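Geometric and topological summary
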2 protein chains.
Amino acid sequence: MDPVHDRLTDDTSNCPIALTLEVVGEKWTLLILRETLYGVARFDDFQRILGCASNLLAARLALLVEHGVLSVEQYQEPGQRPRPQYVLTEKGAALMPVITALQLWGDRYRPDPKGQVAVVKHRDCGAEVQLSLHCAKGHEIHGAAEAEITRGPGARRKA
Amino acid sequence: MDPVHDRLTDDTSNCPIALTLEVVGEKWTLLILRETLYGVARFDDFQRILGCASNLLAARLALLVEHGVLSVEQYQEPGQRPRPQYVLTEKGAALMPVITALQLWGDRYRPDPKGQVAVVKHRDCGAEVQLSLHCAKGHEIHGAAEAEITRGPGARRKA
DNA sequence: CGGCATCCTTAGGGATACTG
DNA sequence: CAGTATCCCTAAGGATGCCG
């Protein structure tokens, strides 16, 4: 193979960030997931709260289910007919740091004129949730400068 | 105003997550930021590595500069003509947890067949960077179940 | 080298209407 | 209530070419 053609026609294919964005990168997806963290589970509620088109919502939910981020469960209130509800899987719940990171950044750097809209709190003690980076040995990392990203074994050559 | 019309024509306007996504939610934006964390700073390098169209790249960079996430600096190597370079501002560096969260999730749940492409390490000790959620009082939060999101004072009624 | 201008094409997404 | 199905339309994005 000509090394010149060793181009990245598709960087997406080997970057974990891009791979993640494939799942949650579309406009409404993270907002849907945010709502699931609030406890929203029903189609109707998603739509009303988010105000997005039903076809879109259906498509996103299906995608998330397909990716194993959400699962559909049937539930039935006594006397009612059964309804589907969407709940986070473990894989989906693991996206919480992403949501939280986005939220904390937004709170800090794009404050809403109307005041804080949502707060993430520890269920037990009620204190606000924070997020920290630290290394495997326990050292806290305060900023980008204290870390470095190195291309691992799977990375493309060249740069 | 008719309460019925108290609809969220634009939920975007008061959700910190949506506000953040306004800045970094587009397809290439986070990948550009990822590269800045790698130390990439020049137009040419971004384009070659990401493989995206130059007009797009220019537009994204301009947007990020406009939002104060990146700043443009002129630098000049001796004997060379001056060139602009794009560097993270403090505001931009604060997005690192977002990037890291996405990356860690991708590594864990969407492993690349070719092996890990990139690793984030603590500059001092070389150990891998991790991310944790904890509350203001120091309690570690292990999953979404231990936290709850509550709509704050600025939130819309109804739901 | 670091862009902006232009053209073109498509995919994403909003609105609306219909169905089990 | 929980979606499908359709239509339309804009904006995002790729390709290409030009300019300081």
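Notes on the structure follow. Predicted model, so just to flag it, every value in this text is computed and none were measured. (Residues numbered from 1 in each chain as written. Chains lettered and ligands numbered in written order. Predicted model: local features only at pLDDT ≥ 70, side-chain atom pairs only at ≥ 80, totals over all residues. Heavy atoms only, no water.)

**Let's talk about the overall build of chain A**
Secondary structure summary: chain A contains 6 helices and 6 strands in total. When the elements of chain A are put in sequence order from the N terminus, they spell out α-α-α-α-β-β-α-α-β-β-β-β. For chain A, buried positions account for 46% of its 159 residues. Long-range pairs, those at least 24 residues apart, make up 39% of the contacts in chain A with a sequence separation of at least 6. (Helix = DSSP H or I, 4+ residues; strand = E, 2+ residues; numbered from the N terminus. Buried < 20%, exposed > 50% of the residue type's maximum accessible area, 1.4 Å probe, protein only. Contact = heavy atoms within 4.5 Å.)

**Quick notes on the interface of chain A and chain B**
Many authors give the size of an interface as the accessible area that is lost as the parts come together. If you look at the interface, chain A gives 87 residues, while chain B gives 89 residues. Carbon and sulfur atoms make up 63% of the surface buried where chain A meets chain B, a total of about 8300 Å² over both sides. Ranking the residues of chain A by area buried against chain B places Trp 105, Arg 110 and Ile 149 of chain A at the top, with a combined share of 10%. Applying the counting rule to chain A against chain B returns 5 salt bridges. Between Arg 110 of chain A and Glu 22 of chain B there is a salt bridge; the shortest N-O distance is 3.3 Å. Applying the counting rule to chain A against chain B returns 31 residue pairs in polar contact (both at pLDDT 80 or more). Among the secondary structure elements, those contributing two or more residues to the side of chain A that touches chain B are α1 (16-24), α2 (29-38), α3 (43-50), α5 (90-93), α6 (96-109), β3 (118-122), β4 (129-135) and β6 (147-151) of chain A. Looking at which element gives the most residues to the side of chain A that touches chain B, the answer is α6 of chain A, with 13 residues. Residues belonging to the side of chain A that touches chain B are distributed by class as follows: 46 nonpolar, 20 polar and 21 charged. (Buried area = accessible area lost by both parts, 1.4 Å probe. Salt bridge = Lys/Arg side-chain N within 4 Å of Asp/Glu carboxyl O. Polar contact = N/O pair within 3.5 Å; in protein donor to acceptor, adjacent residues only side chain to side chain. Nonpolar A, V, L, I, M, F, W, Y, C, P; charged D, E, K, R; others polar.)

**Quick notes on the packing of α2 of chain A against helix α4 (residues 54-66) of chain A**
Residue and element names in this part refer to chain A. As a packed pair, α2 and α4 sit with axes 10 Å apart at the nearest point and diverge in direction by 75°. Relative to α4, α2 is oriented roughly perpendicular. Counting all contacts with α2, which are made through Thr 29, Ile 32 and Leu 33, the residues of α4 involved are Leu 57, Arg 60, Leu 61 and Leu 64. The class makeup of the residues in the contact of α2 with α4 is 5 nonpolar, 1 polar and 1 charged. (Axes fitted to C-alpha atoms, helices over the stretch in contact; angles between N-to-C directions. Parallel < 35°, antiparallel > 145°, perpendicular 65-115°, else oblique.)

**Structural notes on α3 of chain A**
When α3 of chain A is considered as a whole, its buried residues turn out to be Asp 45, Phe 46, Ile 49 and Leu 50 of chain A. Summarising the axial view, the buried residues of α3 of chain A lie within an arc of 110°, below the 170-degree limit, and thus occupy one face. Buried residues along α3 of chain A sit in contact with α2, α4 and β2 (83-88) of chain A together with β6 (147-151) of chain B. Immediately beyond the C-terminal end of α3 of chain A, within one or two residues, lies Gly 51 of chain A, with a positive phi of roughly 70°. (Arc of directions from axis to C-beta.)

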